[in-house]
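Close look at the chain arrangement
What follows is the residue order along each chain.
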Amino acid sequence: MKTPATFLVLFTALGLASLAQAQAPATPQARPRKASNDPDAGKSINQNKATPPERIKAMKDFKVELLYSVPIAEQGSWVAMCVDNKGRLIVSDQYGSLYRFAPPAPGQPLDPSTIEHIPAPIKAANGLLWAFDALWVGVNDYENAENGGLYRITSSHHDDQLDTVEKLRAMKGRGDHGIHAVLPGPDGKSVFLITGDGTTPTEFNRSRVPLHWGEDHLLPRMPDGRGFMRDVLAPGGIIYKISADGKDWEVWSSGFRNIYDGAFDKSGELFTYDADMEYDFNTPWYRPTRICHCVSGAEFGWRNGAGKWAEWYSDNLPPVLNIGPGSPTGMVFGYGAKFPAKYQNALFCLDWSWGRLYAVHLQPQGASFTATKEDFLNGSPLPMTDAVINPGDGAMYFTIGGRKVQSGLYRVTYTGSESTAPAPAPTAGEAARTARHELEAYHHEDTGALAAAWPKLGDSDRFIRWAARTAIEQQPVNTWAEKALGETDPAKQVEALLALARCGGIDPLHRKPTDSPIDTALRARLLAALEKFDWATLNNEQRICLVRTLQIALVRFDRPDDATVKSLLAKFDPLFPAPTYELNRLLCEALVYLQSPNVAAKAVPLLEKAPTQEEQMEYARSLRMLKTGWTTPLHTAYFEWFLKAANYRGGASFEKFIEFIRNDAVASLSDSEKTELAAVLAKKPVLKSPLEAAATALAGHTTVTPWTLEQLNPPAELKGRNFDTGHKMFAAVGCFACHRFGNEGGMTGPDLTQAGGRYNARDLLDNVINPSKEINEQFVPTVITMLDGAQHIGMIVNLNSDFVSLNTDPTQPNQQERVDRKQVKSIEPSKVSLMPPGLLNILSKDEILDLAAYVLSGGDPKSPVFAPH
């Protein structure tokens, strides 16, 4: 097992040989062969049987049954499922046909003879829905993209034989990012179609998303380092609302990466589960898989390469919940299940690559929601594809499969003593959501929109503001531009000016000059209005909105004249650096674009002091385009950073992104600067492991204390701790290498952002000191035992019919080992965490308590844990 050995580098680099020896792993990465008399030697794992229930861990009192192992040669690998009007299940082979059967009786497996092959000449269904007396099918044909689109299948003789196929809309998808699920609309008159970012947008009758989307990158965007989707532009993945006859199409929301499914709650609110881009691990633009509340007119900011918008950008909406790395597939609410009330109202979300089914519990928050998740069940391997609740028996059915791996059908039932009577729908938050819906009624051109929406532009609720601004953006600009420029309430005006900036200008990748309803003179007035804001009176969200509006107003037009640039610098240069990373990121970009002569002297120290590689990369990315204000020492410090960054780790595109940044920075140099900097430009990095690099921050730490929980004896409530020390220690001992914290850090360990809501100081430190005592279910390593007795230990991150890929070193998320499935004897969960003990032993007690306080505070320097005694 590589991971514990990796952490030894940290101790060795500090000269702590005794500690390194003490922490040596008892288990090597590949264990020796078993003795030749082993009775199991030479027996391969059954490749034709789905993962057995005994290898699936479900929540207490829930029972998982394997009903059917799908014969791959005859019925393929199942990826989509629905319940028809007679309570039967319809399933699809990812590359082949459709099948139908009635669920078996309780406690019984599925009889293969009861499985009907549906005769309709159609294949490659990724989405299935029974609605309006027909089977609706989202086809994503991997072998012939021209066959993709939305279809409807009916019975030509009304004899229950589905044999007539009608192509409602031809659509073109790309690979796994194409046409996906079909959902029943909550109004009973429509369906919704889920499409990924590889789907070419189709024609539509109207759009709730204002039709002036753009890339909106003030500085040049870097495409993906491996070229993935580099030619795909906004709006990314789209959700369409479609009439029952299939003729009327409306864009509902957009800006997704690769959504596969969605689900409506009882009140008609739509949620989806968007994919991450694993190539982006440990970059500032990495976005975890996430649950999104898909309100009318929503934009979620997917852009290709390094262009993904931060969730705190004012011109996109944040997720309800960040999940982590994975491959999102099916979604379903627990309505109709004979489960306890908590799980009837849960949103169940499936993860293909990590083999997880999450129960997501939504809590109203203003006009939207926040959420928590728990592992409802997991297994290894368990490539989950879709799930339904069968109203006939109240059971959950789910499938595994995809990419031609072994497929199976499972049933989940509740066996405990809690009541399973139908649970009432939650009603909390209805008033705020109703207020949002009233504004969403104006997400089209309407003469009453301004009167209804304008008063809500300054609302404290982000989703209310969004609904109001979207309503305004749908109206002709000449009916409200003067009102925006003359608004005297700063809270309303900052949103109104954002709307004005978004409606105008030239996005060269999407628009023509003649498309703009705003001329250069109006843009000049917009920029002048931005300068008039009193920064001191704005809260953090309003400040972010102000600077983001400045960025959009700049990028959608030609560069302002010199007088305007001088005026803007006089306003915004003194505001940098700001108190928050978010503002510093936006201000640094804007000042580099304006070629401020002062920004290098301010940003390079921020680059040097930033505790995480993500924050450092963001400053480095902006500075690459700066040509003014440099001194030789500043330039030298900047290029020295690249030598350090060569030791940072991330996803598959990480090294390329660093290379792109450096190449652009060198291209920005004059000939004389290249001569002056020749020595530093010629330097080659000394490559170290991530933890050797982290060890630099611990220089001078030579005392080793094998801390126990009793020795630390943390108080029930931490007080008077040091935020800066805690932040520094969190980075120094390598926590950021594996753990997400706020908008930074890795994703190969549990997200610690909300740890303060789950742990007190004692429990948190107990988990760090004794990492294998209770392993987070999402990150339980897998032990793969081969026929020759060798073992591989890590996290399964991908699989197909021939290979299993594992990450065996969480500090290097791009590292993978491929294991030949034909040589696998068994796949079992490990009882040993990939996180080794002893990581705190080189810190003092005060440093450990400061680190704990930092984690429990959620990174908030104003938390009570930092208040003086």
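Here's a quick rundown of the structure.

Quick notes on the rules
Residues numbered from 1 in each chain as written. Predicted model: local features only at pLDDT ≥ 70, side-chain atom pairs only at ≥ 80, totals over all residues. Heavy atoms only, no water. Helix = DSSP H or I, 4+ residues; strand = E, 2+ residues; numbered from the N terminus. Rg over C-alpha atoms; globule rule 2.2 N^0.38 Å. Buried < 20%, exposed > 50% of the residue type's maximum accessible area, 1.4 Å probe, protein only. Contact = heavy atoms within 4.5 Å. Areas by Shrake-Rupley, 256 points an atom, 1.4 Å probe, with all protein chains shown as cover. Salt bridge = Lys/Arg side-chain N within 4 Å of Asp/Glu carboxyl O. Pairing = 2+ DSSP bridges. Axes fitted to C-alpha atoms, helices over the stretch in contact; angles between N-to-C directions. Expected span 1.5 Å × (residues − 1). 1 Å grid on protein atoms, 1.4 Å probe; cavity = no way out; pocket = protein on both sides within 12 Å on 5 of 7 lines; lining within 4 Å. Points joined across faces, edges and corners; volume = space filled by probe spheres on them. Nonpolar A, V, L, I, M, F, W, Y, C, P; charged D, E, K, R; others polar.

Further remarks concern the overall build of the protein chain. Secondary structure summary: the protein chain contains 25 helices and 34 strands in total. A compact globule built from 869 residues should have a C-alpha radius of gyration of about 29 Å, and the protein chain, at 28 Å, falls within 12% of that. Looking at the protein chain residue by residue over its 869 residues, the buried ones come to 60%. The contacts in the protein chain between residues at least 6 apart in sequence include a share of 67% that link residues at least 24 apart. Carbon and sulfur atoms make up 51% of the accessible area of the protein chain, which totals about 33400 Å².

In total, this model carries 41 salt bridges according to the counting rule given. Between Arg152 and Glu166 there is a salt bridge whose closest N-O contact spans 3.0 Å. Residue Arg152 is located in strand 9 (residues 149-154), and its partner Glu166 is located in strand 10 (residues 164-170); the two are separated by 14 residues in the primary sequence. Classification of Arg152 as buried rests on a relative accessible area of 16%.

So, on to the sheet that holds strand 21 (residues 328-333). Reading across from one edge, 1-24-23-22-21 is the order of the five strands in this open sheet, with antiparallel pairing throughout. The open sheet has two edge strands with one neighbour each: strand 1 (56-58) and strand 21. Strand-to-strand, the axes of this sheet are offset by a mean angle of 30°, without reference to chain direction. As paired elements, strand 1 and strand 24 (residues 368-379) share three bridges and run antiparallel to each other. What sits directly across from Ile56, in strand 24, is Gly379.

Another aspect to go through is helix 7 (residues 462-473). In this model, helix 7 (12 residues) spans 16 Å end to end at C-alpha, consistent with the 16 Å of a helix rising 1.5 Å per residue. Of all 12 residues making up helix 7, 11 are buried, and the element is well covered by its neighbours. All buried positions along helix 7 are accounted for by Phe463, Ile464, Arg465, Trp466, Ala467, Ala468, Arg469, Thr470, Ala471, Ile472 and Glu473.

This paragraph deals with empty space enclosed by the protein. Under the defined criterion, the tally for this structure stands at five cavities of 30 Å³ or more. Volume-wise, the largest cavity comes out at about 160 Å³. Elements that contribute at least two residues to the lining of the largest cavity include exactly helix 11 (540-555), helix 13 (581-593) and helix 15 (613-623). Residues of the lining of the largest cavity, tallied by class, amount to six nonpolar, four polar and nine charged. By volume, the second largest cavity is sized at about 60 Å³. Around the second largest cavity, the lining residues are Asp197, Asp224, Phe228, Met229, Arg257, Met277, Asp280, Trp302, Asn304, Gly305 and Lys308. Of the residues in the lining of the second largest cavity, the class split is four nonpolar, two polar and five charged.

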